[in-house]
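Chains, contacts and geometry: an overview
The primary structure of each chain is shown beneath.
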Amino acid sequence: MVNVGILGATGMVGQRFIELLADHPKFEITALTASKRSAGKKYEDAVTWHLESGIPEAVQDTVVVDTDPAEVKDVEIVFSALPADTAAIVEPKFAAAGMKVASNASAMRMEPDVPLVIPEVNPEHLDLIETQQKNRGWDGFIVTNPNCSTIALVMTLKPLYDQYDIKKVYVSTMQAVSGAGYNGVPSMAILDNIVPFIGSEEEKMESETLELLGDFDGESVTPAGFSLSASCNRVPVIDGHTESVFIEMGEEFEVDDVKKSFSEFRGLPQKLGLHYAPESPVIVREEENRPQPRMDRNAGHGMAVSVGRIRRDAVFPENLKYTLVGHNTIRGAAGASILNAELINEIM
Ligand SMILES: NC(=O)C1=CN([C@@H]2O[C@H](COP(=O)(O)OP(=O)(O)OC[C@H]3O[C@@H](n4cnc5c(N)ncnc54)[C@H](OP(=O)(O)O)[C@@H]3O)[C@@H](O)[C@H]2O)C=CC1
Ligand SMILES: N[C@@H](CC(=O)OP(=O)(O)O)C(=O)O
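Residues numbered from 1 in each chain as written. Chains lettered and ligands numbered in written order. Predicted model: local features only at pLDDT ≥ 70, side-chain atom pairs only at ≥ 80, totals over all residues. Heavy atoms only, no water.

Let's shift gears to the overall build of the protein chain. The secondary structure content of the protein chain amounts to twelve helices and 14 strands. Its C-alpha radius of gyration of 20 Å places the protein chain within 12% of the 20 Å reference for a compact globule of 348 residues. Taken along its principal axes, the extent of the C-alpha atoms in the protein chain is 60 × 50 × 35 Å. Long-range pairs, those at least 24 residues apart, make up 74% of the contacts in the protein chain between residues at least 6 apart in sequence. In the protein chain, which carries 30 positive and 52 negative side-chain charges, the distance between the mean positions of the two groups comes to 3 Å. (Helix = DSSP H or I, 4+ residues; strand = E, 2+ residues; numbered from the N terminus. Rg over C-alpha atoms; globule rule 2.2 N^0.38 Å. Contact = heavy atoms within 4.5 Å. Lys, Arg positive; Asp, Glu negative; His and termini not counted. Charge placed at Lys NZ, Arg CZ, Asp CG, Glu CD.)

Structure below.
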């Protein structure tokens, strides 16, 4: 077993990490960190637990420590669920102390020597680790996963991008409240309502998508050459981001072939049989009213993206439209970091 720690273990995403790692066949949780407010307390006393699954017995009595590498002993991998501003300062310290940091925070994602990875999409970008260690003189390293809306979108774009010329992508999101954290959106703001703004979300979707699908020459990534425009909205759903996607295609396509590309899409995690690899990363729904967050967010244990309403646009028939749903705190956050770590553990 590999000893792992969770940074920001008491937060929304930290709790998902604990839930997903509790019975992991290869990773054992041996350290939990949080802010100074929580350090020194038993985990069950420090956390306000929000998940239906209950606090796993194995961590209930674990004493939470300060988020400082000196406090985290004999740990090989740390999963970061820290706020971005804290992550920017703290994650490099863990990497410098020799630990492998699988980060879910946005702080380091667009650094040119930090891999931004979805294992089914661009596992080869992990080769940047060598450059990072050389550039920064670290024994450890940082690997990041993308923003939750970006992950779900890119998992559907990848099989299309491999087969078709894509000119432009327009996406409108309907994002669950859990994406903003427990105290992120007041109930008075979101009940009976939709908020058409999520800070920096559109910019992150636009830049991270092109980076993930970009060309890697062994040393750096050249962003993919199409353009993408995102409009992001917060909706009164607890978990599961829904996205309406419109693609301006640069070549002829058949809707049935597109469905086949989605259904047949597989990546390295499936080939290697990684623990959290869903059997089918993209699941095609044929019902006219699916996917829906409540019904589809847990597909593939929350690690698959469901896609439906795949159709040719009636007004602009050279273009493709579909709707997707992905679980934002599993595939979009904790599950994504864990799959990155499983891949690293397997191939490095
Ligand atoms: N990939 C994705 O798309 C998603 C990413 N995220 C990202 O994951 C991260 C965590 O989000 P979320 O769980 O919602 O946040 P929360 O606010 O719920 O949790 C934050 C955690 O960090 C700890 N913390 C806060 N400040 C400090 C500090 N100064 N030093 C050390 N620890 C600190 C908190 O400890 P304490 O309890 O003691 O305060 C808590 O454990 C964020 O970067 C967020 O943007 C979130 C959702 C989806
Ligand atoms: N902003 C996302 C969640 C998030 O924290 O994203 P990021 O990991 O890019 O900061 C949401 O609201 O649903």
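Annotation from UniProt places "binding site: phosphate" (unreviewed entry) at Arg109 and Lys204. These annotated residues cover 96 residues of sequence, but their C-alpha atoms sit close together, with the largest distance between any two at 9.6 Å. For the largest pocket, the lining residues among the annotations just cited are Arg109 and Lys204. Along the chain, the position of Arg109 falls in the loop between strand 5 (100–103) and helix 5 (128–136). Lys204 gets classed as partly exposed once you look at its relative accessible area, which sits at 23%. (UniProt positions renumbered as here; feature names shortened; annotations may be inferred. 1 Å grid on protein atoms, 1.4 Å probe; cavity = no way out; pocket = protein on both sides within 12 Å on 5 of 7 lines; lining within 4 Å. Buried < 20%, exposed > 50% of the residue type's maximum accessible area, 1.4 Å probe, protein only.)

Taken together, the six strands give an open sheet; going across it, the order is 10-7-11-14-13-12, and neighbouring strands pair in mixed fashion. The open sheet is flanked by strand 10 (227–234) and strand 12 (282–284), the only strands paired with a single partner. Put simply, the sheet's adjacent strands are angled 25° from each other on average, direction ignored. Across eight bridges, strand 7 (residues 166–175) lies against strand 10 in parallel orientation. Residue pairing for strand 10: Met174 is matched across the bridge by Asn233. Lying over the sheet, helix 9 (residues 255–264) contacts strand 12, strand 13 (305–312) and strand 14 (319–326), oriented at roughly 170° with respect to strand 13. (Pairing = 2+ DSSP bridges. Axes fitted to C-alpha atoms, helices over the stretch in contact; angles between N-to-C directions.)

In the vicinity of ligand 2, the contacting residues are Asn104, Ser106, Arg109, Asn147, Cys148, Gln175, Gly179, Ile198, Glu201, Lys204, Arg234 and His241. A distance of 2.6 Å is found between an oxygen atom of ligand 2 and a side-chain nitrogen or oxygen belonging to Arg109. Glu201 places a side-chain nitrogen or oxygen 2.6 Å from a nitrogen atom of ligand 2. Protein contact buries 80% of the 350 Å² of open area that ligand 2 shows by itself. The site holding ligand 2 turns out to be the largest pocket. Residues from two domains meet in the shell around ligand 2; each of domain 1 (2–146 + 334–347) and domain 2 (148–327) gives at least three. (Near = heavy atom within 4 Å. Polar contact = N/O pair within 3.5 Å; in protein donor to acceptor, adjacent residues only side chain to side chain. Areas by Shrake-Rupley, 256 points an atom, 1.4 Å probe, with all protein chains shown as cover. Sits in = over half its atoms within 2 Å of the grid points. Domains from an automatic or database assignment.)

Close contacts around ligand 1 come from 27 residues, with Thr10, Ser35, Ser38, Leu82 and Cys148 the closest. Side-chain polar atom of Ser38 to an oxygen atom of ligand 1: 2.4 Å apart, as the coordinates give it. Here Pro146 contributes a backbone N or O atom positioned 3.3 Å from a nitrogen atom of ligand 1. Relative to its unbound accessible area of 940 Å², ligand 1 is 76% covered by the protein chains. Of the pockets mapped on this structure, ligand 1 occupies the largest pocket. For the shell around ligand 1, the secondary-structure elements that each account for two or more residues are helix 1 (12–21), helix 4 (84–96) and helix 12 (330–347). Residue composition of the shell around ligand 1, by class: twelve nonpolar, 13 polar and two charged. Domain assignment of the residues forming the shell around ligand 1 places at least three in each of domain 1 (2–146 + 334–347) and domain 2 (148–327). (Nonpolar A, V, L, I, M, F, W, Y, C, P; charged D, E, K, R; others polar.)

Estimates place the volume of the largest pocket at around 1300 Å³. Along the wall of the largest pocket there are 50 residues; nearest its centre are Val13, Ala81, Leu82, Pro83 and Gly181. When residues of the lining of the largest pocket are traced back to their parent elements, those giving at least two are helix 1, helix 4, helix 8 (201–212) and helix 12. Considering each element in turn, the lining of the largest pocket owes the most residues, four residues, to helix 1. When grouped by side-chain class, the residues that make up the lining of the largest pocket number 17 nonpolar, 26 polar and seven charged. Two domains each put at least three residues into the lining of the largest pocket: domain 1 (2–146 + 334–347) and domain 2 (148–327). Considering the residues around the second largest pocket, the lining is formed by 27 residues, among which Arg16, His50, Ser178, Ile238 and Asp239 are closest to the centre. Listing elements by their share of the lining of the second largest pocket, those giving two or more residues are helix 1 and helix 7 (187–190). At four residues, helix 1 tops the list of elements feeding residues into the lining of the second largest pocket. Here the lining of the second largest pocket is composed, by residue class, of twelve nonpolar, ten polar and five charged. Each of domain 1 (2–146 + 334–347) and domain 2 (148–327) accounts for three or more of the residues forming the lining of the second largest pocket. (Points joined across faces, edges and corners; volume = space filled by probe spheres on them.)

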